[in-house]
Amino acid sequence: MLTRRNSLLLSVLLCVSVVSTFVEELDDSFLEARGENDIWLIEFYAPWCSFCKQLEPVWHQIGSELKSLGSPVNVGKSDATANTGLAKEFKVRGYPAILMWKKNMKYVYSGRRSKDGIMEFTERVAGPTVRSLNSLQLFQHVMKRHDVMFVYVGATSQLKGNFTSAAELLIVHNFFFSAARDVLPKDVSVASLPTVVLFKDRTYFIYNEEGDGDLMSCINRERFPNYCKMDSYRLYATGESGKLVVLLLVEENEQSEQSVRYRGLLEDVASQHRHIYSRNFYFGFMDDSDYLTGLMMGDVVVPSFVVVNLSNDGFFLPRGSVDTEKQLLDFLNGVLDGSIQCQGGNGVVQRVGRLIHETKLLLTSLFSQVPLLGCFLVGFLLAIVVFFCYLCCKARRTTSDEDDDDAPVTPSLQRHKKSD
Ligand SMILES: *[C@@H]1O[C@H](CO)[C@@H](O)[C@H](O)[C@H]1NC(C)=O
Ligand SMILES: *[C@@H]1O[C@H](CO)[C@@H](O)[C@H](O)[C@H]1NC(C)=O
């Protein structure tokens, strides 16, 4: 009996020690101790942060999986409130912060905090900056797996240098490849080498410095498929491209016949008119209305189309209903030629409005879910406000009394004069 309990205890202890070897707890001394070529995946947390607690089991799984895969990536975590030197080095602002440190580069993970998302990021960023594809089979295999692919074709050149420096920064978002010309699919015709070919939307584009600007901003602008399903992470990332986003808001889960039809309409316009609109727009549908209701400060019709400018929180609404291809094209043209006004924006008035809107939403949901608590909180807040008003009035009265003493002519003095 006793031995069984002991062995149970032993196995629990073993388990604990095994788990903790997957993820190292890092402190400020790590800055000096780290080997120059080590690759680290680090989570910065704060003891009070609930999202960090939710991430903890995922983080251990990631640590153990990378160990068992024999990955060169070390997994660590650090209490950013205690190890401020380390947190400062990584410019940690929010929690949990997930970062990769590779050579002298630091990469921030900004996607969904799921194991798959973080593992994919780790594999991509920890691997070679530019991966070489040396057979047609490999090329086709990779092409099937990626929506968007940037491929350098040719020998060493200045363009390759530019491609590699762009890849070093943008590998947080995309994969970068290099290939010989004879490895490219047969239908890809490349006029001259070296060159950069972008594969997406079931077609390809050849980079041209004159028309597309410098390589880095071209890659940054084009790194998403022209049409896709959006979630809030993707939408914010798309905003960094500088393009506007044509959004279709649809219902969650079960989608009405109308939504399905509108999605078809959006996809058709995105692909058939891509040569006209892809410079200015990305196209996507979204089933989460939180972002849009926050942006527009009100309820949004579902399904409906809206064009958003993520760089200034502006949005454009169609003048009438959008039910046909022509109406959708008219809408897009109206946005481009300026005949449809941009609404919203990130001015002070808009921000205050959005804050009020969010507070209102919070209070309404509070009242509908826990009316008593809502009443109590509102009453409590009111009481505080009244108390402050009282304090202010009182303070003002005493200062005005003092003013009276200093004033050269006060009513009481005048009265004295009169009595003289
Ligand atoms: C590489 O980048 C530099 C600096 O942005 C630019 O001046 C040059 O033209 C680029 N070279 C090629 C071949 O794209
Ligand atoms: C989107 O916002 C940016 C930043 O304010 C602005 O420069 C750009 O002109 C806007 N685009 C349109 C089409 O309004």
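As the structure is a computational prediction, the values presented were derived from the model and not from experiment.

Student: I'm lost on the overall build of the protein in this one. Help?
Tutor: Helix and strand content of the protein: 17 helices and 16 strands. Considering the protein as a whole, with its 420 residues, one finds that 38% of them fall into the buried category. For the protein, the exposed area adds up to about 24,900 Å²; of that, 56% sits on carbon and sulfur atoms.

Student: Explain the sheet that holds strand 10 (residues 203–206) here, please?
Tutor: By definition, the strands of a sheet pair up through backbone hydrogen bonds, in either a parallel or an antiparallel sense. Spatially, 6-8-7-9-10 is the arrangement adopted by the five strands of the open sheet, whose pairing is mixed. Two strands lie at the open edges of the sheet, namely strand 6 (131–133) and strand 10, each paired on one side alone. On average, each strand axis in the sheet is inclined to that of its neighbour by 30°, with strand direction left out of account. The pairing of strand 7 (residues 148–153) with strand 8 (residues 176–179) spans four bridges and is classified as parallel. Within strand 8, the position partnered with Tyr152 by the bridge is Ser178.

Student: Would you mind showing me how to read the site of ligand 2 here?
Tutor: By nearness alone, every residue bordering ligand 2 is listed as Leu244, Asn309, Ser311, Asn312 and Phe316. In the model, an oxygen atom of ligand 2 is placed 2.4 Å from a nitrogen or oxygen of the Asn309 side chain. The contact in question runs from an oxygen atom of ligand 2 to an N or O atom on the side chain of Asn312, over 3.4 Å. Starting from 360 Å² of accessible surface for ligand 2 in isolation, the protein chains cover 44%.

Student: So what exactly am I meant to see when it comes to the pattern of salt bridges here?
Tutor: Oppositely charged side chains can pair when the atoms bearing their charge come close. For the structure on display, the rule yields 13 salt bridges. Across the pair Lys106 and Glu89 runs a salt bridge, and its minimum N-O distance is 2.8 Å. Here Glu89 lies in helix 4 (residues 84–89) and Lys106 lies in strand 5 (residues 105–109), a separation of 17 residues in the sequence. Judged by its relative accessible area of 31%, Lys106 is partly exposed. When the shortest N-O distance is used, the salt bridge between Lys229 and Asp287 registers 3.4 Å. Of the two residues, Lys229 is situated in strand 11 (residues 227–229) and Asp287 in the loop between strand 13 (281–286) and helix 13 (290–296); the sequence distance between them amounts to 58 residues.

Student: Help me understand the packing of aromatic side chains, please; the structure alone is not making it clear to me.
Tutor: Within a pair of aromatic rings, the relevant descriptors are the distance that separates the centres and the angle that separates the planes. Per the stated rule, a full pass over the model turns up 18 aromatic pairs. Here Tyr236 and Tyr291 contribute two aromatic rings whose centre-to-centre distance is 5.7 Å and whose plane-to-plane angle is 85°, an arrangement assigned as edge-to-face. Of the two residues, Tyr236 is situated in helix 10 (residues 232–239) and Tyr291 in helix 13; the sequence distance between them amounts to 55 residues. Residue class for Tyr291 comes out buried when judged on its relative accessible area of 10%. Geometrically, the ring pair formed by Tyr277 and Phe281 is tilted, given 6.1 Å between the ring centres and 50° between the ring planes. Of the two residues examined, Tyr277 and Phe281, each falls in the buried class. Taken together, the aromatic side chains of Phe30, Trp40, Phe44, Phe90 and Trp101 make up a single cluster linked through ring pairs. A cation over an aromatic ring shows up here: Arg124 above the ring of Phe175, its NZ or CZ 5.7 Å from the ring centre.

Student: Could you clarify how one ought to interpret the environment of Glu240 in this entry?
Tutor: Within the secondary structure layout, Glu240 lies in the loop between helix 10 and strand 12 (244–249). Between the C-alpha atoms of Glu240 and Leu310, which are 70 residues apart in sequence, the distance is 7.7 Å. The residues contacting Glu240, other than those within four sequence positions of it, are His173, Asn220 and Arg223.

Student: Looking at this structure, I do not really get helix 9 (residues 215–222). What am I missing?
Tutor: It helps to recall that an α-helix has 3.6 residues per turn; residues three or four apart then point in one direction. Along helix 9, the residues that are buried comprise Leu215, Cys218, Ile219, Arg221 and Glu222. Buried positions in helix 9, seen along its axis, are confined to an arc of 165° and lie on one side of it. Contact partners of the buried residues in helix 9: strand 7, helix 7 (158–170), strand 8, strand 9 (195–200), helix 8 (209–212) and strand 13.

Student: How do you make sense of the sheet that holds strand 14 (residues 304–309) when you look at a structure like this?
Tutor: Taken in spatial order, the six strands of this open sheet run 11-13-12-14-15-16, and their pairing is mixed. In the strand order of this sheet, the two ends are held by strand 11 and strand 16 (343–344), each with one partner. Against the sheet, helix 11 (residues 257–272) contacts strand 11, strand 12, strand 13 and strand 14, and its axis sits at roughly 165° relative to strand 13.

Student: Looking at this model, I keep getting lost on the site of ligand 1. Mind explaining?
Tutor: What surrounds ligand 1 is the set Gln158, Leu159, Asn162 and Glu209. In the model, a nitrogen atom of ligand 1 is placed 3.0 Å from a nitrogen or oxygen of the Gln158 side chain. Asn162 places a polar side-chain atom, nitrogen or oxygen, 2.3 Å from an oxygen atom of ligand 1. About the coverage of ligand 1: the protein hides 51% of its 360 Å² of free accessible area. Of all the elements, helix 7 adds the most residues to the shell around ligand 1, at three residues. Its residues assigned to classes, the shell around ligand 1 comprises one nonpolar, two polar and one charged.

Student: Looking at this structure, I do not really get unusual backbone geometry. What am I missing?
Tutor: Generally, phi is negative for residues other than glycine and the peptide bonds are trans, each holding for most cases. A cis amide bond, omega -10°, links Tyr95 with the succeeding residue Pro96. Here Pro96 shows up in the loop between helix 4 and strand 4 (97–102). Leu193 connects to Pro194 through a cis peptide bond whose omega is -5°. Take Pro194: it is sitting in the loop between strand 8 and strand 9. Notably, Lys91 is not glycine yet its phi reads approximately 50°, a positive angle. Mapped onto the elements of the fold, Lys91 is located in the loop between helix 4 and strand 4. Of note in the backbone geometry, Asp201 takes a positive phi value of approximately 50° without being a glycine. By the element assignment, Asp201 lies in the loop between strand 9 and strand 10. Looking at Asp201, the relative accessible area reads 23%, which means it is partly exposed.

Procedures and definitions
- Residues numbered from 1 in each chain as written.
- Chains lettered and ligands numbered in written order.
- Predicted model: local features only at pLDDT ≥ 70, side-chain atom pairs only at ≥ 80, totals over all residues.
- Heavy atoms only, no water.
- Helix = DSSP H or I, 4+ residues; strand = E, 2+ residues; numbered from the N terminus.
- Buried < 20%, exposed > 50% of the residue type's maximum accessible area, 1.4 Å probe, protein only.
- Areas by Shrake-Rupley, 256 points an atom, 1.4 Å probe, with all protein chains shown as cover.
- Pairing = 2+ DSSP bridges.
- Axes fitted to C-alpha atoms, helices over the stretch in contact; angles between N-to-C directions.
- Near = heavy atom within 4 Å.
- Polar contact = N/O pair within 3.5 Å; in protein donor to acceptor, adjacent residues only side chain to side chain.
- Salt bridge = Lys/Arg side-chain N within 4 Å of Asp/Glu carboxyl O.
- Phe/Tyr/Trp six-rings, centres within 6.5 Å; stacked < 30°, edge-to-face > 60°.
- Lys NZ or Arg CZ within 6 Å of the ring centre and 35° of its normal.
- Contact = heavy atoms within 4.5 Å.
- Arc of directions from axis to C-beta.
- Nonpolar A, V, L, I, M, F, W, Y, C, P; charged D, E, K, R; others polar.

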